[in-house]
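# A closer look at the structure
Next come the chains, spelled out residue by residue.
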Amino acid sequence: MDVQIEPSWKEELKSEFSKPYFTQIVHFLKEEKKAGKVIYPPGKLIFNAFDCTPFNKVKVVIIGQDPYHNAGQAHGLSFSVPDGVAPPPSLVNIFKELRDDLDIPIPHTGNLEKWAKQGVLLLNASLTVEANTPMSHSQLGWHHFTDEVIKHISSDKDNVVFMLWGKFAQNKEALIDTSKHKVLKAAHPSPFSAHNGFFGCGHFSKTNNWLKEQGEKPIDWSLSA
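A brief structural summary. (Residues numbered from 1 in each chain as written. Predicted model: local features only at pLDDT ≥ 70, side-chain atom pairs only at ≥ 80, totals over all residues. Heavy atoms only, no water.)

### Here we look at the pattern of salt bridges
How we decide: By definition, a salt bridge exists where a carboxyl oxygen of Asp or Glu is found within 4 Å of a side-chain nitrogen of Lys or Arg. Here a strand is any run of E in DSSP of at least two residues, a helix any run of H or I of at least four, and the numbering for each starts at the N terminus. Relative accessibility under 20% of the residue-type maximum defines a buried residue, over 50% an exposed one, and the middle range a partly exposed one, all with a 1.4 Å probe and only protein chains included.
Tallied over the full model, the rule gives 12 salt bridges. Measuring nitrogen to oxygen at the nearest pair gives 3.1 Å for the salt bridge that ties Lys114 to Asp220. Placement of the pair is Lys114 in helix H6 (residues 113-116) and Asp220 in the segment after helix H9 (203-213), with a sequence separation of 106 residues. A relative accessible area of 36% means that Asp220 is categorised as partly exposed.

Encoded structure:
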């Protein structure tokens, strides 16, 4: 199957695209579209996280669960929204922690593409969702695909930082070789849980300290131009 995805990822994941579960995902999405269902993000942005962060550039992985399901929000990067869209509550809390951790002012945009282009893979476990129906594609097969993404990063790269926020993301630790990667765990930044250990986690400074220790360039977490 000819999947439109960034070339280095296409090579890394080529064995997945021919498997029955992936064919079923593609068939399902085509049928849903024919039936008039609205799917987020738009088709050309389903693999946006991979297009923004080529495999050889990955330094940090932030795992989300599900794309935003309201109009105009999802653009294929976990926690991120396009320019001009108000940051959702979890993203607001991420910015608050960033301010407290690294003294970075809360930005005027919720678009995290700048992070992605520096090597932060903003990976949702499900890559699509039906409009206004959260978790609607969580049983579609995407989790199998994104688990394979995590396994490939773990096996074929070194010294990557994985930020695992909340129980769902933390369950992915089983896929990661912790002897050669850095795993940072905290509560989810949702307003329901951020006060239970996300605020004060210091993940952004810890990530940069780790990268510097490995001789890597740290991430510029500010979103100013």
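### Here's the deal with the environment of Gly110
This is how the line gets drawn: Throughout, a contact is declared for two residues whenever any of their heavy atoms are within 4.5 Å.
Mapped onto the elements, Gly110 comes out in the loop between helix H5 (89-102) and H6. Under the relative-accessibility criterion, Gly110 is labelled buried at 0%. For the pair Gly110 and Pro82, spaced 28 residues apart in the sequence, the C-alpha separation amounts to 6.6 Å. Contacts of Gly110, omitting those with residues within four sequence positions, involve Ser80, Val81, Pro87, Leu91 and Phe95.

### Structural notes on the packing of aromatic side chains
Which entries qualify depends on this criterion: Between rings of Phe, Tyr and Trp, where Trp is taken as its six-membered ring, a pair exists when centres lie within 6.5 Å; planes separated by under 30 degrees are stacked, by over 60 edge-to-face, and by other angles tilted. Cation placement over rings: the criterion is NZ of Lys or CZ of Arg within 6 Å of the ring centroid and within 35° of the ring normal.
Summed over all chains, the structure comprises 19 aromatic pairs. Judged by centre distance (5.0 Å) and plane angle (85°), the rings of Trp9 and Phe50 are edge-to-face. With Trp9 in helix H1 (residues 7-12) and Phe50 in helix H4 (residues 48-52), the pair connects residues that are 41 residues apart, well separated along the chain. Judged by centre distance (6.0 Å) and plane angle (35°), the rings of Phe17 and Phe145 are tilted. Here the residue Phe17 occupies a position in helix H2 (residues 14-17), and Phe145 occupies one in helix H7 (residues 142-156), the gap between them amounting to 128 residues. Comparing Phe17 with Phe145, the two get one shared label, buried. The rings of Trp9, Phe17, Tyr21, Phe22, Phe47, Phe50, Phe55, Trp142 and Phe145 are connected pair by pair, giving a single aromatic cluster. Over the face of the ring belonging to Phe55 we find Lys157, whose NZ or CZ atom lies 5.3 Å from the ring centre.

### What about unusual backbone geometry?
Note the cis peptide between Tyr40 and Pro41, where omega equals -10°. Phi angles above zero are rare outside glycine, and Phe79 is one such case at about 70°. Within the fold, Phe79 resides in the loop between strand E2 (60-64) and H5. Phi is positive for Asp103, which is not a glycine, with a value near 60°. Tracing the backbone through its elements, the reader meets Asp103 in the loop between H5 and H6. Accessibility expressed as a relative area gives 66% for Asp103, which makes it exposed.

### Comments concerning H5
Put simply, the rule is: Expected span of a helix, by definition, is 1.5 Å for each gap between consecutive residues, and there is one gap fewer than residues.
A rise of 1.5 Å per residue sets the reference length of H5, with its 14 residues, at 20 Å; its end C-alpha atoms lie 20 Å apart and thus fit the reference within 8%. Looking only at H5, the buried set comprises Ser90, Leu91, Asn93, Ile94, Phe95, Glu97 and Leu98. As for H5, its buried residues are in contact with H6, strand E5 (161-165) and H9. Just past H5, the residue Asp103 takes up positive phi, approximately 60°.

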